[in-house]
Amino acid sequence: MRKQLVAGNWKMNKTLDEALILVSEVVNMVNDEAKGDVKVVLCPPDLYLATLARYLEPITQMALGAQNCHQKASGAYTGEVSAPMLKSVGVEYVILGHSERRQYFAETDQQLAEKVDVVLENGLKPIFCCGESLEQRNGNDFIAFVCSQLTAGLFHLSAGQFADVVIAYEPIWAIGTGLTASSQQAQDMHAALRQHLAGQYGEAVAENTTILYGGSCNEKNAPELFACPDVDGGLIGGASLKSREFVNIVKSF
Ligand code: PEP
């Protein structure tokens, strides 16, 4: 049975005081209300990771994630944060290849493949994002395009390494727009990605890989999305900034 997971990507939001309130509310609600088998990952800004780690550490079902990391393990890269640094403060997951990173910071497939490597080498788990633009969706080959993002970023890995990889399908046209993929659109893409994994690594790896949906997921649409056979949870942006709504999403399975 593959892992169900809900991750909150806080992006560049919250002051420290606000982050402390949000994390304690989420921790209390998850403790009191959530099913124990859903992994809950919080991805705050890097600045707060070490502080928030203390809140999450006692709760086995919860983990800390970063929103990015540099592709080198150390060096003269002013302003950057490395995988060993993230590991040293208690981070377990790292979001890689988010469409905002690809678009605003010009992250390339080659850089992302290197980031995947450094993350895995340091005992962290990548949440590897992929997804098509609206223009691509309106063309004919959007499924092939998203599959090609997996090929470029992940297919140099061994089957064994794939055990620590989480994939997040995030149609760019649905991120922060209020437009959500229908459950059928999400299921069709997730099934196609799983088939693509099976072609490279075989059925067992494909069946065991967690594939999240992201893009305007909220407490109202999460139950239908999470009921799809190939949707194993969500990568949640805006709705992860509100404790009640985020935990309701966690409880949507
Ligand atoms: C995201 O940025 O990963 C995301 C899914 O954002 P939102 O939920 O706000 O669309």
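The structure displayed is predicted, hence computed values, not measured ones. (Residues numbered from 1 in each chain as written. Predicted model: local features only at pLDDT ≥ 70, side-chain atom pairs only at ≥ 80, totals over all residues. Heavy atoms only, no water.)

S.K.: Explain the packing of aromatic side chains to me, and be specific about the residues and the numbers.
M.R.: Under the definition given, this model contains four aromatic pairs. Here the aromatic rings of phenylalanine 155 and tyrosine 201 are separated by 5.4 Å at their centres, their planes lie at 90 degrees, and the arrangement is edge-to-face. Taken together, the residues span a long stretch of sequence, with phenylalanine 155 in the loop between α7 (142-154) and β6 (166-169) and tyrosine 201 in helix α8 (residues 183-201) at a distance of 46 residues. A relative accessible area of 12% places phenylalanine 155 in the buried class. On the basis of relative accessibility, which here comes to 15%, the residue tyrosine 201 falls in the buried class. With centroids separated by 4.6 Å and ring planes inclined at 45 degrees, the aromatic side chains of phenylalanine 162 and tyrosine 201 adopt a geometry described as tilted. Taken together, the residues phenylalanine 162 in the loop between α7 and β6 and tyrosine 201 in helix α8 connect sequence positions 39 residues apart. For the pair formed by phenylalanine 162 and tyrosine 201, the shared burial category is buried. Joined through ring pairs, the aromatic side chains of Phe155, Phe162 and Tyr201 make up one cluster. Arginine 101 extends its terminal NZ or CZ atom over the ring of phenylalanine 105, reaching a point 4.0 Å from the ring centre. (Phe/Tyr/Trp six-rings, centres within 6.5 Å; stacked < 30°, edge-to-face > 60°. Helix = DSSP H or I, 4+ residues; strand = E, 2+ residues; numbered from the N terminus. Buried < 20%, exposed > 50% of the residue type's maximum accessible area, 1.4 Å probe, protein only. Lys NZ or Arg CZ within 6 Å of the ring centre and 35° of its normal.)

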